[in-house]
Amino acid sequence: MATEQPVATAAGDQTRIHNIGYRNYDGPRLGRAYARRSLYSQSLRGAYGLGRSAKSKILPMLLFVVMCLPAAIMVAVAVATKANDLPLDYTRYAIVLQAVISLYVASQAPQSVSRDLRFKTVPLYFSRPIETADYVRAKYASLASALFILTAAPLLVLYVGALLAELDFADQTKGFAQGLVSVALLSLLFAGLGLVVASVTPRRGFGIAAVIAVLTITYGAVSTLQAIADVQGSTGAVAWIGLFSPITLIDGVQSAFLGATSAFPGGVGPSNTEGAVYVLVTLGLIAGAYGLLMRRYKKVGL
Amino acid sequence: MYDPTVARLTYRALLGRRRALILGALPLLLLVIAVAVRALAGADDQTSADVLGGFALATMVPIIGVIAGTGAIGPEIDDGSVVYLLSKPIKRPTIIFTKLIVAIAVTMVFSAVPTLLAGLILNGNGQQVAVAYTIAALVASIAYAALFLLLGTVSRHAVVFGLVYALVWEALFGSLVPGARTLSVQQWSLAVAQKVADGNLVTSDVGLPTATVLLAAVTVLATWYAGQKLRSLTLAGEE
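Values in this document were obtained by computation on a predicted structure and should not be read as measured data.

**Student:** In this structure, what is going on with the overall build of chain B? I would like to understand it.
**Tutor:** Within chain B one finds 10 helices and zero strands. In chain B, the order of α-helices and β-strands from amino to carboxyl end is α-α-α-α-α-α-α-α-α-α. Taken over the C-alpha trace, chain B has a radius of gyration of 18 Å; the compact-globule value for 239 residues is 18 Å, and the two agree within 12%. Taking the principal axes of the C-alpha coordinates as reference, chain B spans close to 55 × 35 × 35 Å. Evaluated residue by residue, chain B yields a buried proportion of 51% over its 239 residues. Residue pairs at least 24 apart in sequence account for 79% of intrachain contacts in chain B once pairs closer than 6 positions are excluded.

**Student:** I'm lost on the overall build of chain A in this one. Help?
**Tutor:** When you go through chain A residue by residue, the secondary structure sums to 11 helices and zero strands. Each helix (α) and strand (β) of chain A, taken in turn from the N terminus, gives the series α-α-α-α-α-α-α-α-α-α-α. Over its C-alpha atoms chain A spans a radius of gyration of 26 Å, topping by over 25% the 19 Å that the globule rule assigns to 302 residues. The C-alpha extent of chain A, read off along each of the three principal axes, is 95 × 45 × 35 Å. With 302 residues in all, chain A has 46% of them scored as buried. Taking the intrachain contacts of chain A between residues at least 6 apart in sequence as the baseline, contacts between residues at least 24 apart amount to 75%.

**Student:** Would you mind going over the packing of helix 5 (residues 92–123) of chain B against helix 6 (residues 129–154) of chain B with me for this structure?
**Tutor:** How two helices pack is summed up by the angle between their axes together with the distance between the axes. Residue and element names in this part refer to chain B. The N-to-C vectors of helix 5 and helix 6 enclose an angle of 155°; their axes lie 8 Å apart at closest approach. Taken as axis vectors, helix 5 and helix 6 run roughly antiparallel relative to one another. Of the two elements, helix 5 crosses helix 6, and the hand of that crossing is right-handed. Among the residues making up the contact of helix 5 with helix 6, the classes are represented as 17 nonpolar, seven polar and one charged.

**Student:** Could you clarify how one ought to interpret helix 2 (residues 54–81) of chain A in this entry?
**Tutor:** Three- or four-residue spacings in an α-helix give side chains the same orientation, since the helix completes a turn every 3.6 residues. Residue and element names in this part refer to chain A. Counted at 1.5 Å a residue, the expected span for helix 2 with its 28 residues is 40 Å, and the 40 Å between its end C-alpha atoms agrees. When the local axis directions of helix 2 are compared, the greatest deviation, roughly 25°, occurs at cysteine 68, which is followed within four positions by the proline proline 70. Turning to helix 2, its buried residues number three or more, namely Ser56, Leu59, Pro60, Leu63, Met67, Ala71, Met74, Val75 and Ala78. Backbone geometry just downstream of helix 2 places lysine 82 in the positive-phi region, at approximately 50°.

**Student:** Explanation requested: helix 3 (residues 45–79) of chain B in the structure shown.
**Tutor:** Residues and elements named next belong to chain B. With 35 residues, helix 3 extends 47 Å between its outermost C-alpha atoms, agreeing within 8% with the 51 Å of an ideal straight helix rising 1.5 Å per residue. Along helix 3, the largest kink reaches about 50° and is centred on glycine 71; proline proline 75 follows within four residues of it. Among the residues trailing helix 3, glycine 80 stands out with phi positive, at a value near 85°.

**Student:** In this structure, what is going on with unusual backbone geometry? I would like to understand it.
**Tutor:** With the exception of glycine, the majority of residues adopt a negative phi angle, and the majority of peptide bonds are in the trans configuration. All names here are of chain A. For lysine 120, which is not glycine, the phi torsion reads 55° and is therefore positive. Within the secondary structure layout, lysine 120 lies in the loop between helix 4 (98–118) and helix 5 (122–126). Owing to 11 C-beta atoms within 10 Å, lysine 120 belongs among the exposed residues under this scheme. The phi torsion at glutamate 166 lies on the positive side, around 60°, for a residue other than glycine. Overall, the presence of 9 C-beta atoms within 10 Å leaves glutamate 166 in the exposed class.

**Student:** What am I meant to see in the interface of chain A and chain B here?
**Tutor:** Size of an interface: often given as the accessible area lost when the parts come together. Taken together, the contact between chain A and chain B spans 27 residues of the former and 32 residues of the latter. Breaking the side of chain A that touches chain B down by element, the ones donating at least two residues are helix 2, helix 4 and helix 8 (204–231) of chain A. The leading source of residues in the side of chain A that touches chain B is helix 8 of chain A, at 15 residues. Looking at the side of chain A that touches chain B residue by residue, the classes come out as 15 nonpolar, nine polar and three charged.

**Student:** How should the environment of Gly194(A) be read in this particular structure?
**Tutor:** Residue and element names in this part refer to chain A. Relative to the elements of secondary structure, glycine 194 occurs in helix 7 (residues 169–198). With 33 C-beta atoms packed within 10 Å, glycine 194 lands in the buried category. Separated by 89 residues in the primary sequence, glycine 194 and leucine 283 have C-alpha atoms spaced 16 Å apart. The residues contacting glycine 194, other than those within four sequence positions of it, are Val105, Ala106, Ala109, Leu143 and Val211.

**Student:** What should I look at first to understand the nonpolar core in this one?
**Tutor:** Soluble globular proteins: nonpolar side chains tend toward being buried together. Core analysis: the largest hydrophobic core is formed by 170 residues, its most contacted members being Val211(A) and Ala136(B). The biggest single contributor to this core is helix 6 of chain B, with 20 residues. Setting aside chain neighbours within four positions, we find Ala136(B) in contact with Leu57(B), Ser189(B), Leu190(B), Val192(B) and Ala193(B).

**Student:** Is there a simple way to think about the packing of helix 2 of chain A against helix 4 of chain A in this case?
**Tutor:** All names here are of chain A. Where helix 2 contacts helix 4, the two axes come as close as 10 Å, and the packing angle between them is 165°. Considering the angle they form, helix 2 stands roughly antiparallel to helix 4. Crossing handedness for the pair helix 2 and helix 4: left-handed. Residues Leu59, Pro60, Leu63, Val66 and Met67 of helix 2 lie in contact with helix 4, whose contacting residues are Val100, Leu103, Tyr104, Ser107 and Gln108. Class assignment of the residues belonging to the contact of helix 2 with helix 4 gives a composition of eight nonpolar, two polar and no charged.

**Student:** What am I meant to see in the environment of Leu243(A) here?
**Tutor:** Residues and elements named next belong to chain A. By the element assignment, leucine 243 lies in the loop between helix 9 (235–241) and helix 10 (246–257). Since 17 C-beta atoms lie within 10 Å of it, leucine 243 is described here as partly exposed. For the pair leucine 243 and valine 181, spaced 62 residues apart in sequence, the C-alpha to C-alpha distance is 19 Å.

**Student:** Honestly, the environment of Val206(B) in this entry has me stumped. Any pointers?
**Tutor:** All names here are of chain B. Relative to the helices and strands, valine 206 is located in the loop between helix 9 (185–196) and helix 10 (208–231). Looking at valine 206, the number of C-beta atoms within 10 Å reads 22, which means it is buried. The spatial distance from the C-alpha of valine 206 to the C-alpha of serine 111 is 22 Å, given a sequence separation of 95 residues.

Each value, and the rule that gives it
- Numbers given for residues are sequential positions, taken from 1 along each chain in its written order.
- Each chain takes a letter, starting from A, and each ligand takes a number, starting from 1, following the order in which they are written.
- Confidence filtering applies because this is a predicted model: local features only for residues at pLDDT of at least 70, side-chain atom pairs given and counted only at 80 or more, and all residues used for totals across whole chains, interfaces and linings.
- By the criteria applied, helices consist of DSSP H or I runs no shorter than four residues and strands consist of E runs no shorter than two, each listed in order from the N terminus.
- To get the radius of gyration, use the C-alpha atoms; to get the globule rule, take the number of residues to the power 0.38 and multiply by 2.2 Å.
- Any residue surrounded by 20 or more other C-beta atoms within 10 Å of its C-beta is treated as buried, while 12 or fewer makes it exposed and the intermediate range makes it partly exposed; C-beta atoms here are placed from the backbone.
- C-beta atoms are first placed from the backbone for all residues, and any pair lying within 7 Å is then listed as a contact.
- Note on method: axes are straight lines fitted to C-alpha atoms, helices fitted across the in-contact stretch only, with angles between N-to-C directions ranging 0 to 180 degrees.
- Relative orientations are named as follows: roughly parallel for angles under 35 degrees, roughly antiparallel for angles over 145 degrees, roughly perpendicular for angles from 65 to 115 degrees, and oblique for any other angle.
- Crossing chirality is assigned from the near helix's rotation relative to the far helix, an anticlockwise turn below a right angle marking it left-handed and a clockwise turn marking it right-handed.
- Following the grouping adopted for this structure description, the nonpolar residues are Ala, Val, Leu, Ile, Met, Phe, Trp, Tyr, Cys and Pro, the charged ones are Asp, Glu, Lys and Arg, and the polar ones are all others, Gly among them.
- In this scheme, a helix's expected span is set at 1.5 Å multiplied by one less than its residue total.
- Two axes are fitted around each residue, one to the seven residues ending there and one to the seven starting there, and the angle between them is reported as the bend at that residue.
- Under the definition applied here, buried Ala, Val, Leu, Ile, Met, Phe, Trp, Tyr and Cys residues are grouped into a nonpolar core through C-beta atoms within 7 Å.

Next comes the structure, spelled out in structure tokens:
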């Protein structure tokens, strides 16, 4: 074939770029903030299976219903028996249903990030005008929001129910606000831990097991040790042991500062100084999770 | 019925790279707890029974069972590479049986051995507590591995369903509804352990004959059905 081509004798005369009529894009460029917002809303919808197949809607929706059902039952009971108080504190609700929350994080954190890694779509995101920080922030914020919806919805049910049952307004509002602060902290913490673990493995199944291990196993270990420390009479150790699992961390923070009754064995929560350490560790973990995610995505596929 | 090549590949899938780390982290945590409890409380039979029963058998064994059982076949089905295995002239039940053996072996090594070690650290096998819980872990390993291997062939979300069974059914319902305890691998294995332990530190809600029959039935049926599922496996795309 090459022989048929005439040798270009005088370059410059014969070479030219043909305009074959493609039009330039002259519409509005929506830019980085728009891309980040889209990623956030898509991830948030994805966390509840919206915009995905019917099969993947089952689990998040089921967990959402399981999360809200006890609240509805409690409200029904409180209204029917004309009780003076709800059977469960706002702050205690998430602690009691922690298994459901853990399962939700474990199932949705890997679906949020592992599949991007596995199908190598992360570089495609970064071919858009977003940067590492945008991707991490959008994913972190979306999972934290999804968790906040999951944990705050039952509190809202409780609150509305409590007002309908004509319980004390000021008292209930205070409890509700404290509960919201506590679940907001919990959402940030759990979302961070879940995403860090899930972003390490491209395998979804393995990510789920690893997240559950971090959330549940540490709780099992910590509560076992706390129970033993309590029986042995070393009550001082109980609060310090609680620093080592996410759910006891939240429990400690809210019983020190948000007026919650502690679920620790013996029912004695951390004191104010210990509570300050709890808050510091919680915030440190959230910041650490964010930092680790930023580091993780610094070099993915690029 | 046992194919060494399939076994080798499965071992590699389960223990290769970083996967052995998470499998190893749980037993390590158990040993750390055992040492900490021994230092805090000294040797006490009741305490060691609580730790082994509450943490080792109730939490650690099922989770390792989920990881090993579903991990033996789930990822292969998930990414479609199982067709290369299925296209070889090996019987499907043989594949399942081999993978089951591997999953059982891995679960036993990572759950029963640390249970025994933790028991020895906690109270030096006083009242046979360590041995009893080790036997419970061994028995439970077989049933869990078979059950979760079946889940791996049935569902794409095997890990979640396995964890729901282990955490919600056995732990949550088991503590609230007494009837749920009759249908729990944990209680069946405790029934076997009860026979071994002295005294009444290890108790179960299920009688030994019932437990043995149910354990054997679950293991055999799950393995058989997993073989059947693999015979008629259809591969679907991701979601």
